[in-house]
Amino acid sequence: MPTPIWRELFGQSDAIAQLEQAVSNRDSGVHHAWLMTGPPGSGRSNMAVAFAAALLCKDGGCATCHSCTLAMSGNHPDINLLTTEKVGISIEEVRNLVVSAQMGGSMGRYRIMIIEDADRMAERSSNVLLKALEEPPAGTVWILCAPSEADMLPTIRSRVRRIALKTPSVEEVAKLLVERDSIEHSLALTVAAEAQSHIGMARRLGTSVDARGRRKDTLVAALAIDTVTNAVYTAERWIELARRDADALTAERDADERDELLRVLGVEDTSKLPPYARADVKALEESQKKRATRSLRDGLDRILVDLLSLFRDVLMVQLSAGVPLVNESLKSQIDSVAQRSTAQQSLEKLHQIELARTRIAANVKDLMVLEALAVNLKTKR
Ligand SMILES: [Zn+2]
């Protein structure tokens, strides 16, 4: 029976077993650097935080003591969490973290440094981190999170112990949504497939009619592109949909974080803020504001990931592959595009979508990238 701290982490028993092993042997020392790899939505950062909490808790992760509560709410003084509010991680941010790493723990014997999206570090920042990994101060544990090992420099890879998270199956995700979020079974299966097993995304599609509507609008518009004029219009529409999706997501997340902060601060009547809580709430609001840019970029990337799933479906139909479609609800439109184009053209479209993702990530102007993409996705009537 795993310790309570892991209970929210779903479908990752192998990774949890490895981490529990490290926690139970922590009196004889903990390896100083870890890399959690897994696709977005696999719970990399939650796993990192749970590991940190377990290392700091005297019972190895009871999930209820003061130390665990602080850790899980992101307020533990001995856990430094570097989240990416911006597109990249700056060298200053990494330097600050390296400096904090020298300080040692204040409550316990460990100081834990977590870098979410460690793949967003440029080579220069990675080198600053490398220095810290080469000469670790006693009691400091680094936990890096990235999509895969290949996203990290080989010099960093050779110093970390790797924990690989797996992508849960559509059925596993659906089961979780039914049990945890009371989502109806057939809807749970549909959204788990549409989200390609991204747990957070599946939950959102399953609980927000608007979010599902926006996803569908995006894809229906893509399948209907037949002229250049139509393509240009569709690109504008995608940006509008991405912005609305990002705004909605930001609002939900901001409200959740505020509730959580007020809970930790012990504010019961949330309609009037006691003076002692004001500084913390203000600090939270500032950091939420900073996150807005990143949020639109993520929204655009979600559209591109959804488009990949759509043209993969078209290709599967063209190849008569007989596999379940990600976007089963659009089957008739998918069939129609499959008939009017060739597998070769679908492969080229998939390639163009990947290219657009790279260009958006590299800060090329959004509308320009999406217009070029939409033109390349058109299918003649
Ligand atoms: Zn505890």
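1. Some details on the overall build of the chain
Part 1 of the argument: A tally of regular secondary structure across the chain gives 15 helices and five strands.
Part 2 of the argument: Relative to the 2.2 N^0.38 estimate, which gives 21 Å for 381 residues, the radius of gyration of the chain is 22 Å and therefore close to what a compact globule would have.
Part 3 of the argument: Seen through its C-alpha atoms, the chain measures out along the principal axes to roughly 65 × 50 × 40 Å.
Part 4 of the argument: Within the span of the chain, comprising 381 residues, buried residues form 37% of the whole.

2. Digging into the packing of helix 14 (residues 343-361) against helix 15 (residues 366-376)
Part 1 of the argument: The geometry of helix 14 relative to helix 15 is characterised by a closest axis approach of 10 Å and an angle of 180° between their N-to-C directions. Between helix 14 and helix 15, the interaxial angle falls into the category roughly antiparallel. In this structure, helix 14 contributes Lys-349, Gln-352, Ile-353, Ala-356, Arg-359 and Ile-360 to the contact, and helix 15 contributes Asp-366, Val-369, Leu-370, Leu-373 and Asn-376.
Part 2 of the argument: Looking at side-chain class alone, the contact of helix 14 with helix 15 contains six nonpolar, two polar and three charged residues.

3. Some thoughts on the packing of helix 4 (residues 91-101) against helix 5 (residues 123-134)
Part 1 of the argument: For the pair helix 4 and helix 5, the least separation of the axes is 8 Å and the interaxial angle reads 10°. Comparing the axis directions of helix 4 and helix 5 gives the class roughly parallel. Residues Ile-91, Val-94, Arg-95, Val-98 and Ala-101 of helix 4 lie in contact with helix 5, whose contacting residues are Arg-124, Ser-125, Val-128, Leu-129 and Ala-132.
Part 2 of the argument: Taken together, the residues that form the contact of helix 4 with helix 5 break down as seven nonpolar, one polar and two charged.

4. Quick look at the domain arrangement of the chain
Part 1 of the argument: The assigned domain composition of the chain is domain 1 (4-164), domain 2 (170-207) and domain 3 (228-376).
Part 2 of the argument: Averaged C-alpha coordinates put domain 1 and domain 3 at centres separated by 27 Å.

5. Focus on unusual backbone geometry
Part 1 of the argument: Even without glycine at this site, Ala-63 takes up a positive phi of about 70°.
Part 2 of the argument: Along the polypeptide, Ala-63 turns up in the loop between helix 2 (44-56) and helix 3 (66-72).
Part 3 of the argument: With phi around 70°, Asn-363 is a residue other than glycine that occupies positive phi space.
Part 4 of the argument: Within the fold, Asn-363 resides in the loop between helix 14 and helix 15.

6. Quick notes on the nonpolar core
A general feature of soluble globular proteins is that nonpolar side chains tend to end up buried together.
Part 1 of the argument: Ala-52, Ala-53, Ile-114 and Ile-143 are the most contacted members of the largest nonpolar core, which totals 50 residues.
Part 2 of the argument: The greatest single-element share of this core, amounting to ten residues, is contributed by helix 2.
Part 3 of the argument: Apart from the residues within four sequence positions on either side, Ile-114 is in contact with Ala-48, Val-49, Ala-52, Ile-79, Asn-80, Leu-81, Leu-82 and Ile-143.
Part 4 of the argument: Listed in part, the 49 residues of the second largest apolar core include Leu-315, Val-326, Leu-370 and Ala-374.

7. Some thoughts on the sheet that holds strand 2 (residues 79-82)
Part 1 of the argument: Taken together, five strands build an open sheet; the order of strands is 2-3-4-1-5 and the sheet is parallel. This sheet does not close on itself; its edge strands, each paired only once, are strand 2 and strand 5 (161-164). Put simply, the sheet's adjacent strands are angled 15° from each other on average, direction ignored.
Part 2 of the argument: Relative to strand 5, strand 1 (residues 33-37) runs parallel, the two being bridged by four bridges. Directly across from Trp-34, in strand 5, lies its bridge partner Arg-161.
Part 3 of the argument: Helix 2 contacts strand 1, strand 2, strand 3 (111-115) and strand 4 (140-146) of the sheet and is inclined by roughly 165° relative to strand 4.

8. Remarks on helix 2
Turn by turn, an α-helix covers 3.6 residues, leaving residues three or four places apart pointing in a common direction.
Part 1 of the argument: End to end, helix 2 covers 19 Å across 13 residues, agreeing with the expected 18 Å (1.5 Å per residue, within 8%).
Part 2 of the argument: The buried count for helix 2 comes to twelve of 13 residues, which makes it a mostly enclosed element.
Part 3 of the argument: Of the positions making up helix 2, those classed as buried are Arg-44, Asn-46, Met-47, Ala-48, Val-49, Ala-50, Phe-51, Ala-52, Ala-53, Ala-54, Leu-55 and Leu-56.
Part 4 of the argument: Contacts from the buried residues of helix 2 go to helix 1 (13-24), strand 1, helix 3, strand 2, strand 3 and strand 4.

9. Observations concerning the environment of Leu-304
Part 1 of the argument: For Leu-304, the position within the fold is in helix 12 (residues 275-318).
Part 2 of the argument: A residue is classified by how many C-beta atoms lie within 10 Å of it, and Leu-304, with 22 of them, is buried.
Part 3 of the argument: C-alpha of Leu-304 to C-alpha of Trp-34: the two residues are 270 residues apart in sequence and 31 Å apart in space.
Part 4 of the argument: Excluding its chain neighbours within four sequence positions, the residues that come into contact with Leu-304 are Ile-353, Ala-356 and Arg-357.

10. A few points about helix 7 (residues 170-181)
Part 1 of the argument: The first and last C-alpha atoms of helix 7 sit 16 Å apart over twelve residues, in line with the 16 Å expected at 1.5 Å per residue.
Part 2 of the argument: Of the positions making up helix 7, those classed as buried are Val-170, Val-173, Ala-174 and Leu-177. Buried residues of helix 7, viewed axially, fall in a sector of 100°; they line one side. In helix 7, those exposed residues whose orientation departs by more than 90 degrees from the buried face are Glu-179 and Arg-180.
Part 3 of the argument: Contacts made by the buried residues of helix 7 are with helix 8 (185-194) and helix 9 (199-207).
Part 4 of the argument: Note on helix 7: the residue one or two positions beyond its end, Ser-182, has a positive phi of about 50°.

11. Here we look at the pairing of strand 3
Part 1 of the argument: Buried residues dominate strand 3, accounting for five of its five residues.
Part 2 of the argument: Both faces of strand 3 are covered, namely the face carrying Arg-111, Met-113 and Ile-115 and the face carrying Ile-112 and Ile-114.
Part 3 of the argument: As paired strands, strand 2 and strand 3 are joined by four bridges and run parallel to one another. From the neighbouring strand, Leu-81 faces strand 3, where its bridge partner is Ile-114.
Part 4 of the argument: Here strand 3 runs beside strand 4; their pairing, made up of five bridges, is parallel. Bridging across to strand 4, Ile-115 finds its partner in Leu-144.
Part 5 of the argument: For the segment spanning strand 3, helix 5 and strand 4, crossover handedness is right-handed.

The rules we used
- All chains use their own residue numbering, which begins from 1 and follows the written sequence.
- This being a predicted model, a pLDDT of at least 70 is required before a residue's local features are given, and a value of 80 or more before pairs of side-chain atoms are given or counted; all residues contribute to the totals for chains, interfaces and linings.
- Counting from the N terminus, the helices are the DSSP runs of H or I reaching at least four residues and the strands are the DSSP runs of E reaching at least two.
- Between the two quantities, the radius of gyration covers C-alpha atoms and the globule rule is 2.2 Å times the number of residues to the power 0.38.
- Counting other C-beta atoms within 10 Å of a residue's C-beta gives its exposure: the residue is buried at 20 or more, exposed at 12 or fewer, and partly exposed in between, where C-beta atoms are placed from the backbone.
- Orientation is described by lines fitted to C-alpha atoms, with helices fitted over the stretch in contact, and by angles between N-to-C directions that extend from 0 to 180 degrees.
- The scheme is simple: roughly parallel for angles under 35 degrees, roughly antiparallel for over 145, roughly perpendicular for 65 to 115, oblique for anything else.
- Throughout, a residue-residue contact means that the two C-beta atoms, derived from backbone geometry, are no farther apart than 7 Å.
- Think of it as three bins: nonpolar holds Ala, Val, Leu, Ile, Met, Phe, Trp, Tyr, Cys and Pro, charged holds Asp, Glu, Lys and Arg, and polar takes everything else, Gly as well.
- These domain boundaries are the output of an automatic or database domain assignment.
- As used here, a nonpolar core is made of buried Ala, Val, Leu, Ile, Met, Phe, Trp, Tyr and Cys residues. They are joined through C-beta atoms within 7 Å.
- Think of it this way: DSSP has to see at least two bridges between two strands before they count as a pair.
- How far a helix is expected to stretch is found by multiplying one less than its residue total by 1.5 Å.
- By construction, the arc corresponds to the directions joining the helix axis to the C-beta atoms.
- Looking down the strands as they point away from you, a crossover is right-handed if its path from the first strand over the helix to the second goes clockwise.

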